[in-house]
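# Structure assessment
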Amino acid sequence: MIERTLVLIKPDGVQRGLVGEITQRFEKVGLKIIGMRMVWVDKEFSKEHYKAHVEKEFYPGLEAMITEGPVVALAVEGIHAVTQVRKMVGDTEPKIAQPGTIRGDYTHHSYESTSGAGKAIRNVVHASGNNKEAEAEIELWFKKEELHSYKTAQEVHTF
Ligand code: AMP
């Protein structure tokens, strides 16, 4: 039941000064930040992280977007963390992401607005899609020693 997942605050989120607000949302629901790194990824790393999308029409735009500035990577742990985080992040397409979700609250672009322009949609965050993906992505973004095991105040004071 206790799962780990990867969240990326993408360059558009970092540039807009949303690192604190986005991180706080996960903390507020009680999820535990167990790893945090700021990285400026290169094209090679982008191809590794987005290997499922490399052949897609929007990939050149996706690569340009993810390498245009630093990214903040968070390893997040908690009960059903993968599904919980995906729920909080909202739909990939900001146009249909519900208000209250990160993408619904901070973005408004649509596939229509980027298609044909060779661009990737700017949706501020990435979150692993399932447990298998989460495991592989955490391994890609974090060394073992960068992931921390500790007790939150709630764990220390309420048990
Ligand atoms: P995902 O692995 O589903 O997070 O997709 C990677 C990222 O690629 C998304 O977060 C968007 O930024 C972008 N993306 C996905 N699908 C499209 C699309 N059809 N058109 C433009 N950008 C897309």
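That block above? That's the structure.
An account of the accompanying structure is given in this report. Computed from a prediction, not measured in an experiment: that's the story for all the values here. (Residues numbered from 1 in each chain as written. Predicted model: local features only at pLDDT ≥ 70, side-chain atom pairs only at ≥ 80, totals over all residues. Heavy atoms only, no water.)

## Observations regarding the overall build of the protein chain
In terms of regular secondary structure, the protein chain is built from nine helices and four strands. Along the protein chain, helices and strands appear, N-terminal first, in the series β-α-α-β-α-α-β-α-α-α-β-α-α. In terms of overall dimensions, the protein chain is globule-like: its C-alpha atoms have a radius of gyration of 16 Å, near the 15 Å expected for 159 residues. Dimensions along the principal axes, computed over C-alpha positions, put the protein chain at roughly 55 × 35 × 25 Å. (Helix = DSSP H or I, 4+ residues; strand = E, 2+ residues; numbered from the N terminus. Rg over C-alpha atoms; globule rule 2.2 N^0.38 Å.)

## So, the pattern of salt bridges
On inspection of all chains with the given rule, the structure shows seven salt bridges. Note that Lys 51 and Glu 48 form a salt bridge whose closest N and O atoms lie 3.7 Å from each other. For Lys 51, a relative accessible area of 58% gives the class exposed. Taking relative accessible area as the criterion, Glu 48 reaches 38% and is therefore assigned partly exposed. (Salt bridge = Lys/Arg side-chain N within 4 Å of Asp/Glu carboxyl O. Buried < 20%, exposed > 50% of the residue type's maximum accessible area, 1.4 Å probe, protein only.)

## Things to note about the environment of Ala 127
Along the chain, the position of Ala 127 falls in strand 4 (residues 125-127). Taking relative accessible area as the criterion, Ala 127 reaches 3% and is therefore assigned buried. Once the C-alpha coordinates of Ala 127 and Thr 92 are considered, the two residues, 35 residues apart in sequence, prove to be 9.9 Å apart. When residues no more than four places from it in sequence are discounted, the contact partners of Ala 127 are Leu 6, Val 85, Arg 86 and Val 89. (Contact = heavy atoms within 4.5 Å.)

## A word on a nonpolar patch on the surface
Among the surface-exposed residues, Met 1, Ile 2 and Ile 79 lie close enough to one another that they form a single nonpolar patch of about 370 Å² accessible area. Looking at where Ile 2 falls in the secondary structure, it is placed in strand 1 (residues 2-9). Overall, the relative accessible area of 59% leaves Ile 2 in the exposed class. (Patch = residues over 30% accessible without salt bridge, like charges linked within 9 Å, V, L, I, M, F, W, Y side chains within 5 Å. Areas by Shrake-Rupley, 256 points an atom, 1.4 Å probe, with all protein chains shown as cover.)

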